[in-house]
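Report on the structure
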Amino acid sequence: MKPSILVEIPQDNVKSYPIYIDKEPVRDLTKKLNKLSSGRRRLIVISQKVYKLYKSEFDFSKDEIFILKDGEDQKNLKNYQKIIEKAIELGLSRKDLIIAIGGGVVGDLAGFAAATYMRGIELIQVPTTLLSCVDSSVGGKTGIDLPYAKNYIGAFYQPKMVFINLNFILTLDKRQMLSGFGEILKYAFIEGSCKSEKTYLLLEFLSIAADRILENNINLIERLIKICLELKISVVTKDETEGGLRKVLNFGHTYGHALETITRYKKYTHGEAVVYGMMLAFDYALETKMINQTYYNLAYDLFKKYGYQTIKPVKYDREKLINIMKYDKKSNAGVITMILPNRKGSVTEMEITDETLFDM
Ligand SMILES: NC(=O)c1ccc[n+]([C@@H]2O[C@H](COP(=O)([O-])OP(=O)(O)OC[C@H]3O[C@@H](n4cnc5c(N)ncnc54)[C@H](O)[C@@H]3O)[C@@H](O)[C@H]2O)c1
């Protein structure tokens, strides 16, 4: 099988892995997974909705499946424990594997279980949402949420392989598609900071091709997936564990994570929260003259084109939000740090000492 993209981690060849992007029937993907894991034990963690939708095409034994209910609030310690218990029950050894089939919630949670079970067993990611195809299934961040802080427990743990099957995209509802576009917009706004050898002009592409993309033209979606992954890979292969460059991927996330946390992971999709985080960053950058009005307008036009209301979410308790952001892993000794736009397609990290930002 020739990979569509190869992720090469320069410091450690063992960690390098292929990404396969395909349109083959899901049944054929299942056969591939069965062949790959033949002779080994495996635990398949799968989203409840995906299981229901694709049950007839999956050829897995019921015993080896852990079905995860839907929702961000499922990415928790309790389910982590249940997955580990299931792995023990199945008698998984270090030679065996965990397969994650679902969106970012399944990928992050099952990934964290794979990273920690017996100090790490093989992980295969099969992302089934647009967001997990363009972002979460690649790069090695795994983790779970705590009630007061998102992704607070986790590990950097690269998968062995990633299988993207574009058929999964076809059953996503509109809200989940828009959530994926949220992260795709992020890549457009940070492209210039990703130190990629190639130029994609993602901002222009998203603007010009918006109508066809929003009609779910699968060839364009495939192209977007490849562009976002290549940008992400350019970043994570230079900075796997977020010592510096990788922070650009957090654009929109400090405030976005706080919004998700304050609403107990029930009100916003991840992509929606990230978009509101990016809007706040654009407002602040305009106010402080880091960017000009033309770029600001271009950004807001794109938010609108991709289905986002440009009215900010209802105001939450300001002090609570600020506190959550101070807890955020991205903060530094209680000082909130944010990624802000500084010119077209480019971002920079800044410490936020002026908390009036959160009144915008
Ligand atoms: N590890 C990383 O680098 C990284 C990056 C970005 C986001 N994330 C995490 O990813 C999570 C968000 O992921 P998400 O947006 O995929 O959400 P999700 O995993 O909650 O999935 C969204 C919904 O889509 C449904 N679904 C999944 N596949 C489907 C399909 N093919 N057809 C129909 N419905 C389907 C799910 O059942 C769920 O209800 C967050 O927890 C976020 O923190 C991680």
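Residues numbered from 1 in each chain as written. Predicted model: local features only at pLDDT ≥ 70, side-chain atom pairs only at ≥ 80, totals over all residues. Heavy atoms only, no water.

**Here's the deal with the domain arrangement of the protein chain**
By a widespread convention, an interface's size corresponds to the accessible area lost as its parts come together. Segmenting the protein chain into domains produces domain 1 (5-172) and domain 2 (175-359). Inter-centroid distance (C-alpha atoms) of domain 1 to domain 2 is 25 Å. With 36 residues of domain 1 at the contact, the number on the domain 2 side is 38 residues. Between domain 1 and domain 2 the total buried area reaches about 3,400 Å² when both faces are included, carbon and sulfur atoms providing 66% of it. Among the residues domain 1 hides against domain 2, the three largest losses belong to Leu130, Val134 and Lys150. Together they make up 19% of the total. The interface formed by domain 1 and domain 2 holds seven salt bridges in total. Broken down by element, the residue count for the side of domain 1 that touches domain 2 peaks at six residues, all from helix α5 (residues 130-136). Considering only residue class, the side of domain 1 that touches domain 2 consists of 22 nonpolar, five polar and nine charged. (Domains from an automatic or database assignment. Contact = heavy atoms within 4.5 Å. Buried area = accessible area lost by both parts, 1.4 Å probe. Salt bridge = Lys/Arg side-chain N within 4 Å of Asp/Glu carboxyl O. Helix = DSSP H or I, 4+ residues; strand = E, 2+ residues; numbered from the N terminus. Nonpolar A, V, L, I, M, F, W, Y, C, P; charged D, E, K, R; others polar.)

**Describing the packing of helix α6 (residues 174-190) against helix α11 (residues 270-287)**
Think of two packed helices as two axes; the pair is described by the angle between the axes and how far apart they sit. Two elements in contact, α6 and α11, have axes whose closest approach is 7 Å; the angle formed by their N-to-C orientations is 40°. One element, α6, and the other, α11, form an angle in the oblique class. Here the hand of the crossing between α6 and α11 comes out left-handed. Only His270, Gly271, Glu272, Val274, Val275, Met278 and Phe282 of α11 make contact with α6, whose side of the interface consists of Arg175, Ser179, Gly182, Glu183, Leu185, Lys186 and Phe189. In terms of residue class, the contact of α6 with α11 is made up of six nonpolar, four polar and four charged. (Axes fitted to C-alpha atoms, helices over the stretch in contact; angles between N-to-C directions. Parallel < 35°, antiparallel > 145°, perpendicular 65-115°, else oblique. Left-handed = near helix turned anticlockwise from the far one by under 90°.)

**With respect to the environment of glutamate 230**
Inspection of the secondary structure puts glutamate 230 in helix α9 (residues 218-236). Residues glutamate 230 and tyrosine 17, spaced 213 residues apart in sequence, show a C-alpha to C-alpha distance of 13 Å. The residues touching glutamate 230, leaving out its near neighbours within four places in the chain, are Ile5, Lys198 and Tyr200.

**Describing the site of the ligand**
In the vicinity of the ligand, 26 residues are found, and the nearest of them are Asp70, Glu72, Thr128, Thr129 and Lys150. A distance of 3.2 Å is found between an oxygen atom of the ligand and a side-chain nitrogen or oxygen belonging to serine 47. The contact in question runs from a nitrogen atom of the ligand to an N or O atom on the backbone of lysine 141, over 2.9 Å. Compared with its free state, where it exposes 870 Å², the ligand has 92% of that area covered by protein. The set of elements that each furnish at least two residues to the shell around the ligand consists of α2 (48-54), α4 (104-116), α5, β8 (149-156) and α6. The residue makeup of the shell around the ligand, split by class, is six nonpolar, 10 polar and 10 charged. (Near = heavy atom within 4 Å. Polar contact = N/O pair within 3.5 Å; in protein donor to acceptor, adjacent residues only side chain to side chain. Areas by Shrake-Rupley, 256 points an atom, 1.4 Å probe, with all protein chains shown as cover.)

**What about α11?**
Think of an α-helix as turning once every 3.6 residues; residues three or four places apart then point the same way. An ideal rise of 1.5 Å per residue puts 26 Å on 18 residues; α11 measures up with 26 Å between its terminal C-alpha atoms. With 16 of its 18 residues buried, α11 lies for the most part within the structure. At the exit of α11 stands lysine 289, carrying a positive phi of roughly 60°. (Expected span 1.5 Å × (residues − 1). Buried < 20%, exposed > 50% of the residue type's maximum accessible area, 1.4 Å probe, protein only.)

**What about the pattern of salt bridges?**
Tallying each qualifying case throughout the model produces 23 salt bridges. Among the salt bridges present, the one from glutamate 240 reaches lysine 15, with a minimum N-O distance of 3.1 Å. Linking glutamate 240 in the loop between α9 and α10 (253-262) with lysine 15 in the loop between β1 (5-7) and β2 (17-22), this pair joins segments that are 225 residues apart in sequence. A relative accessible area of 32% means that lysine 15 is categorised as partly exposed. A salt bridge links lysine 150 to glutamate 260; the shortest N-O distance between them is 3.4 Å. In this pair, lysine 150 is assigned in strand β8 and glutamate 260 in helix α10, connecting sequence segments 110 residues apart. For glutamate 260, a relative accessible area of 2% gives the class buried. Each of Glu72, Lys75, Asp108, Asp145, Lys150 and Glu260 takes part in salt bridges that share partners, so that together they form one network.

**Here's the deal with the pairing of strand β11 (residues 346-352)**
Judged from the seven bridges that link them, strand β10 (residues 336-343) and β11 form a sheet pairing that is antiparallel. Looking across to β11, one finds that methionine 338 is bridged to methionine 350. (Pairing = 2+ DSSP bridges.)

**A look at the sheet that holds strand β6 (residues 122-127)**
Taken together, seven strands build an open sheet; the order of strands is β1-β2-β9-β6-β5-β3-β4 and the sheet is mixed. The open sheet has two edge strands, β1 and β4 (65-68), and neither has a second partner. Shown here is a sheet whose adjacent strand axes are inclined to one another by a mean of 15°, direction ignored. Alignment of strand β3 (residues 42-47) against β4, held across four bridges, turns out to be parallel. Paired with serine 47 across the strands is leucine 68, a residue of β4. Along the sheet, helix α1 (residues 26-36) makes contact with β2, β3, β6 and β9 (161-165), crossing β9 at roughly 165°. Of the strands in this sheet, β3, β4, β5 (97-102) and β6 touch α4, which is tilted by about 170° from β5.

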